[in-house]
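Chain and residue survey
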Amino acid sequence: MPEMSKAVIPPHMGDKRPSEKILKLGKKITDVAAHKLKGVTVNDPEYWGLAEIVTEEMADIALKMKVRRHYKIEELWKMNKIEEHQKAHFQKVLDEMSYIGLLEYDYGNNYDHNGAIPGPTDRRYCLPMFVPGSAELFNMEETPEGNKRLKEHPALASFFERMTFIPLDGITHMVPPGGAGIGMHVIPVEKAISMENGTIDLEHISYWLKKYEGHIGVGQCSCRVSREVLGEGCGDDEMNWCIGVGDFADYCRETGKGHDITYEEAMEIFRKAEDNGFVHQITNIDGENKIFGICNCNVNVCNALRTSQLFNTPNMSRSAFTARVERDKCVACGKCVEYCPAGAVKLGQKLCAKDGREVQYPKHELPDRLVWGRDKYDEDYRDNNRINCYETGTSPCKAACPAHIAVQGYIRKAKEGKYREALALIKKDNPFPAVCGRVCNRRCEIACTRGTVDQAVAIDDIKKFIAEQDLHEATRYVPPVVIASNRLTEWEQKIAVIGAGPAGLSCAYYLAVKGYKPVVFEKHARPGGMMTYGIPSYKLEKDVIEAEIQVLRELGVEIRCGVEVGSDVTIGELREQGYQAFYLAIGCQGGKIPDIPGNDAKGIDIAVRFLHHASENHGQKLNGRVVVVGGGNVAVDCARTASRLGGKNVAMFCLESRETMPASEEEIRETLDEEIAIHNGWGPKEILKDDKGKVWAVVFQKCTSVFDKDGKFDPQYAKDDLMTVECENVIFAVGQSIEWGNLLEGSRVEFWHGNYPVADALTYQTKEPDIFVGGDVYSGPKFVIDAIEAGKNAAESLHRYVHPGTSLTIGRNRRDFRELDKDNIRLDGYDTIGRQEAGMDHQIDHRHSFRDARKLLTEEQVHLEAGRCLSCGASVVDENKCIGCGICTTKCEFDAIKLHRDHPECSKMCRSEDKFKEIGAYAAGKAFKSVFAKKPEGKRPAVKTSAGAKKPIVRRPSGVTVKKVKQARASGKNGRK
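Here we summarise the structure given alongside this text.

Rules used throughout
- Residues numbered from 1 in each chain as written.
- Predicted model: local features only at pLDDT ≥ 70, side-chain atom pairs only at ≥ 80, totals over all residues.
- Heavy atoms only, no water.
- Pairing = 2+ DSSP bridges.
- Helix = DSSP H or I, 4+ residues; strand = E, 2+ residues; numbered from the N terminus.
- Axes fitted to C-alpha atoms, helices over the stretch in contact; angles between N-to-C directions.
- Contact = heavy atoms within 4.5 Å.
- Parallel < 35°, antiparallel > 145°, perpendicular 65-115°, else oblique.
- Nonpolar A, V, L, I, M, F, W, Y, C, P; charged D, E, K, R; others polar.
- Buried < 20%, exposed > 50% of the residue type's maximum accessible area, 1.4 Å probe, protein only.
- Salt bridge = Lys/Arg side-chain N within 4 Å of Asp/Glu carboxyl O.
- 1 Å grid on protein atoms, 1.4 Å probe; cavity = no way out; pocket = protein on both sides within 12 Å on 5 of 7 lines; lining within 4 Å.
- Points joined across faces, edges and corners; volume = space filled by probe spheres on them.

**Section: the sheet that holds strand β24 (residues 729-732)**
Strand order in this open sheet of five strands is β17-β24-β18-β19-β20, and the pairing throughout is parallel. Bordering the open sheet on either side are β17 (604-606) and β20 (677-680), each of which pairs with just one other strand. When strand polarity is set aside, the average angle formed by the axes of neighbouring strands in this sheet is 20°. The pairing of strand β19 (residues 648-654) with β20 spans four bridges and is classified as parallel. In the sheet register, Cys 654 faces β20, and the bridge partner there is Asn 680. Contacting β17 and β24, helix α27 (residues 607-616) runs over the sheet at an angle of about 85° to β17. Its contacts with the sheet put helix α28 (residues 633-644) on β18 (625-629), β19 and β24, and the angle it makes with β19 is roughly 175°.

Now the structure itself:
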């Protein structure tokens, strides 16, 4: 974890003249054994945290109290020798102590006493522990101006973070199931256990809300707001996630930490939490059948969940339940994996190995029979919990697709005739399935396991059939907006997307789904970028693009066409209008012409410009013979378009051989079918022009090799082997370039490889912090599906960026997937039916028309083709890591993952005062089990990162600097019990 920033270095750490009363108070409240015995120092958070806001007078009062014992006002008067004339001032100090969170209070049995509303003299005051308690309450404040206390005292955030780490460092492995009265533990999603036998009342959220109905409140999440101050925020709205019940709800309302809500409002908060993948947790420090709070926790910031995740000891958090996957139902869609807070679910395979055995997956180590030390901690748990699949791999289709769409999942839905559900599943990762169903380069099919048997499943044709719904207003699927806020229906932050191509529009789509109203600026007359202006209509008709873009408009995305940023308006002016972040996805709109003699002749065009003009006017005529230089799919598009515009003797020339030319086999086949010649192994040497400067021929020379021995582009030619081809038109499709115009004028964006922008490979952030880039302008020319994935990832970065204090990287899904080993699988009992083909509409002249003549599969064909899927992948639960939250069950559309009450002992509730008794009993049993356990080797282990690389563990939790570690070692205060 990162070191404490200068902004949050505690000003009272290392006080030269410390307050003795604060030192004593820190020792009184702490439950760090070493600090309890030897006292705290000025370098300990118990001191510098309290010293931030606790006065000498407050400390004097608190020192006379016992921790977690209730005192009536009369007792406090007596203990502090308060005279009658001092009572008003004394009450004012108690009120301030309660307001900041040093004291809590309740009204005991004084509620509605004789119909009267309880007042200050009816209160019972309590000196709470640090966590849950004052270290947490110091961070909570609900005012119209926000949390003023944290703004003035940011060190309180570090105080809270430290007090959730130091007391537990070295003991969590001894904590028994149920948590032994320490902090909080998970309570599952209620509907996930509704069908499970043997559940008890306290395992149901509704039980607690009914128990405390009439005394329910909600307030600011101390974890979210404090982590934001530390620069490790998660981008959620910090308000209205943490629900207080009973006495605590009343206390929060009266001290500015929350407000009252109804039972129904609380249930709606839980529903929204589940939509966002947040974990429900209840307090567990007050003993049987009593709680004071239910939180909705984001694992990226939650200090309570950290107790199990960082220390790698699930007993600290887990509920009585464990998730299990029903393999026959599971389709490896991966949605449970994306949301699992503990990283307990990963993608694996359903197919057996060649020897008939199921693949066995590793289990998380548990401390029951092991010597447990710091070498077992997982400092990078937030990143490691986002690893998507086991090293042995999962469904090849999902791994190969750049957008990692749930292919196996939507094929299953299509087989069942649940087409709308199939479309919804696709659009979680791809907002343009109808487009991709027509123009995708089908990497999923290339990787398809079925292709090792006969032919790959016709994945794209199935997707095209499903996505047909998006082309009709009545059946169009507009996804729900899921915003990480209980106050807002949309985020107020303004984000500009520059470029309405697939990357920009994908980014805008996913921003809209998160609750933003992004504005897309497009310099051309129509949105779509290369989908509109670069892909010919005989492949992708423009009404298909427009239909899917309409979904974005219905989500609230504004698209402003005819506006060139850098010319009509500058980024600086947009900043002045309130835009806080910019996503530049302008694509590669320029082309390249080889530096050869005659390259200035009239009649020469570049592919991007040629296709753009052709898309605007299918009725134009191209006179004369046409030579297209290039061997990729774009060159094919130019040749086939030129033929449709009336070009004569259209021919392609490229350096590569037929086997190695970049164009797909399908594109080559269709080009030859249209009687367009392809000449392989030739490169342009010179363009010949007539006396009017117009091209009349191209001289080609034979290419003997394209790449050098290291694989670098270095074409070699047989200089005497020449061919002259007469023509009136030459179209170069040999590369694309970026045309920035004045877009980045005055910015700090840096460039490399010519004019490609330098940006972080994960976040896409440039040297100008509010400018992010993506799509072809960052990666170079790729396919629509690559741009879609780039846009989705950029939306995550932009969301995080516009929320101050949010980390752009922590807990982020790296989207790394591996495909299973197709050479080591056993296939039994698959359907032997052949691949279904959609065919052509013979009423359309597919060789000359700009209409798309390719038909859809019939519904019967879709069912037959879906049946050919081998269902390679499945989710796999590591029950040793599972904390039983049930979030996975809310994300599964196939009823394939369910909770089971495997650990009833985890529902045991204890008083905090009994924790050492509980720990002692459990530790004794554990010691017996582990007495003969092999001790870990002295070598520090490595943790697998989400990228699969290894790096050494650095055990320095958030808020601890190297300097402070040295100070602590010098003073003998290492925080261990």
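**Quick look at the packing of helix α7 (residues 130-137) against helix α9 (residues 155-163)**
For the pair α7 and α9, the least separation of the axes is 9 Å and the interaxial angle reads 170°. By the angle between their axes, α7 is roughly antiparallel relative to α9. Each of Phe 130, Val 131, Ala 135 and Glu 136 in α7 lies in contact with α9, whose residues at this interface are Phe 159, Phe 160 and Met 163. In terms of residue class, the contact of α7 with α9 is built from six nonpolar, no polar and one charged.

**Observations regarding the sheet that holds strand β9 (residues 293-297)**
Strands sit in the order β4-β8-β9-β6-β5-β7 across an open sheet of six strands; the sheet is antiparallel. A strand with exactly one partner marks an edge of an open sheet, and here the two such strands are β4 (184-186) and β7 (258-260). Taken pair by pair, the neighbouring strands of this sheet meet at an average axis angle of 25°, ignoring direction. Relative to β9, strand β6 (residues 242-245) is paired through two bridges, and the arrangement is antiparallel.

**Concerning unusual backbone geometry**
In this model, Val 131 is joined to Pro 132 through a cis peptide bond whose omega is -10°. With respect to the element layout, Pro 132 can be found in helix α7. Despite not being glycine, Asn 240 has its phi angle at roughly 70°, a positive value. Along the chain, Asn 240 falls in the loop between α11 (222-229) and β6. Residue classification places Asn 240 among the buried positions, given a relative accessible area of 9%. If you check the backbone angles, His 753 has positive phi at about 45° while not being a glycine. Turning to its location among the elements, His 753 is positioned in the loop between β26 (751-752) and β27 (756-757). Overall, His 753 belongs to the exposed group, its relative accessible area being 60%.

**As for the pattern of salt bridges**
Counted according to the given criterion, the structure contains 78 salt bridges. Here Asp 275 ties to Arg 271 by a salt bridge, and the two come within 2.7 Å at their closest N and O atoms. A residue pair is termed a helical-turn pair when its members lie 3 or 4 positions apart in one helix, as Asp 275 and Arg 271 do in helix α13 (residues 263-276) at four residues. Overlapping salt bridges bring together Lys 539, Asp 637, Arg 640, Arg 644, Glu 667, Glu 670 and Glu 674 as one network.

**Observations concerning empty space enclosed by the protein**
Counted by the stated rule, this structure contains 13 cavities of 30 Å³ or more. Around the largest cavity sit 33 residues that line it, and Val 131, Pro 132, Thr 164, Gly 183 and Thr 307 are the ones nearest its centre. Every element with two or more residues in the lining of the largest cavity is listed here: α7, α9, α11, β9, α14 (303-309) and α34 (915-930). For the lining of the largest cavity, a count of residues per class yields 21 nonpolar, eight polar and four charged. Lining the second largest cavity are 24 residues, and of these Glu 136, Met 140, Cys 242, Phe 248 and Phe 292 lie nearest its centre.

**Here we look at the layout of surface pockets**
Each pocket or cavity is described by its volume, and for the second largest pocket that value is around 1,600 Å³. Of all the secondary structure elements, the ones that give two or more residues to the lining of the second largest pocket are α13, α15 (335-339), α19 (419-426), α23 (502-513), α31 (784-801) and α33 (887-891). Top element by residues in the lining of the second largest pocket is α31. It accounts for five residues. Looking at the lining of the second largest pocket residue by residue, the class counts come to 17 nonpolar, nine polar and 22 charged.

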